[in-house]
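What follows is the residue order along each chain.
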Amino acid sequence: QVQLVESGGGLVQAGGSLRLSCTASGRTFSTYAMGWFRQAPGKEREFVAAILWSVGNRYYGASVKGRFTISRDAAKTTVSLEMNSLKPEDTAVYYCAADVTPKSRGTVYSVSNYDYWGQGTQVTVSS
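Here the structure is a predicted model, which means the values were calculated and not measured. (Residues numbered from 1 in each chain as written. Predicted model: local features only at pLDDT ≥ 70, side-chain atom pairs only at ≥ 80, totals over all residues. Heavy atoms only, no water.)

**Some details on the packing of aromatic side chains**
Turning to step 1, where the next piece is worked out: Enumeration over the complete set of coordinates arrives at 6 aromatic pairs.
Turning to step 2, where the next piece is worked out: Here the aromatic rings of F37 and F47 are separated by 5.5 Å at their centres, their planes lie at 75°, and the arrangement is edge-to-face. Within this pair, whereas F37 is found in strand β4 (residues 33-39), its partner F47 is found in strand β5 (residues 46-52), the two being separated by 10 residues in sequence. There is no split in this pair, since F37 and F47 are both buried.
Turning to step 3, where the next piece is worked out: Ring centres of F37 and Y114 lie 5.3 Å apart, and the angle between their planes is 80°; this geometry places the pair in the edge-to-face category. Taken as a pair, F37 in strand β4 and Y114 in the loop between β9 (92-99) and β10 (116-117) lie far apart in primary sequence, 77 residues in all. (Phe/Tyr/Trp six-rings, centres within 6.5 Å; stacked < 30°, edge-to-face > 60°. Helix = DSSP H or I, 4+ residues; strand = E, 2+ residues; numbered from the N terminus. Buried < 20%, exposed > 50% of the residue type's maximum accessible area, 1.4 Å probe, protein only.)

Here it is, written out as structure tokens:
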């Protein structure tokens with residue numbers, strides 16, 4: 001099994017920045033991609049960003065592209081999300097996810113593509 005632990009959430013004013021981190025442990029040797037999703041009350045879980053572990057390709061949701069940056073530390077199997085120019089609409093619980101199983105179909109944008117999830121960390125952006 002793989003365990004994911006997020007940290008770094010908190011309260012920030014609009015225009016501010018936060019950095020989230022997620023560390024994976026357990027059977028992480030087959031990790032293909034790690035991603036971030038978020039979920040606001042009453043809304044579906046939304047893709048934020050993802051990174052392919054071996055090659056470092058990065059993907060972003062349209063609403064965060066240019067403001068958020070995903071990065072990796074391969075040796076520690078850690079993924080970070082630097083969030084800049086935060087907006088109130090960024091308020092949500094942010095979840096880290098890991099894809100450790102090869103997929104014949106699917107993309108990093110899909111919730112169903114991921115095998116393991118962290119507990120989530122709250123990000124609140126005030127106006």
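Don't stop here, the text continues.
**Some points on the environment of R19**
Turning to step 1, where the next piece is worked out: If you trace the backbone, R19 turns up in strand β3 (residues 18-26).
Turning to step 2, where the next piece is worked out: Residue class for R19 comes out partly exposed when judged on its relative accessible area of 44%.
Turning to step 3, where the next piece is worked out: Separated by 29 residues in the primary sequence, R19 and V48 place their C-alpha atoms 14 Å from one another.

**Quick word on the pairing of strand β1 (residues 2-7)**
Looking down a regular strand, the side chains alternate between one sheet face and the other.
Turning to step 1, where the next piece is worked out: Of the two faces of β1, the one holding V2, L4 and E6 is buried and the one holding Q3, V5 and S7 is not buried anywhere.
Turning to step 2, where the next piece is worked out: For β1 and β3, the ladder comprises 6 bridges, and the chain directions are antiparallel. Bridge assignment links E6 to a residue of β3, and that residue is C22. (Pairing = 2+ DSSP bridges.)

**Overview of the nonpolar core**
A general tendency of soluble globular proteins is for nonpolar side chains to be buried together.
Turning to step 1, where the next piece is worked out: In this structure, M34, W36, V79, L81, M83 and Y94 are the most contacted members of the largest nonpolar core, which totals 28 residues.
Turning to step 2, where the next piece is worked out: Of all the secondary-structure elements, those providing two or more residues to this core are β1, β3, β4, β5, β7 (68-73), β8 (78-83), β9 and β11 (121-126).
Turning to step 3, where the next piece is worked out: Setting aside residues up to four positions removed in sequence, V79 forms contacts with L20, S21, C22, M34, W36, I51, W53, I70, S71, R72 and C96.
Turning to step 4, where the next piece is worked out: Membership of the second largest hydrophobic core comes to 8 residues, among which are A33, A50, V108 and Y114. (Core = buried A, V, L, I, M, F, W, Y, C linked by side-chain atoms within 4.5 Å. Contact = heavy atoms within 4.5 Å.)

**Looking at the pattern of salt bridges**
When the charged atoms of two side chains with opposite charge come close together, those side chains can pair.
Turning to step 1, where the next piece is worked out: The tally for this structure, following the rule as stated, stands at 4 salt bridges.
Turning to step 2, where the next piece is worked out: Of the charged contacts, one joins R38 and E46 as a salt bridge, the two residues approaching to 2.9 Å between their closest N and O atoms.
Turning to step 3, where the next piece is worked out: Given the relative accessible area of 33%, E46 is considered partly exposed. (Salt bridge = Lys/Arg side-chain N within 4 Å of Asp/Glu carboxyl O.)

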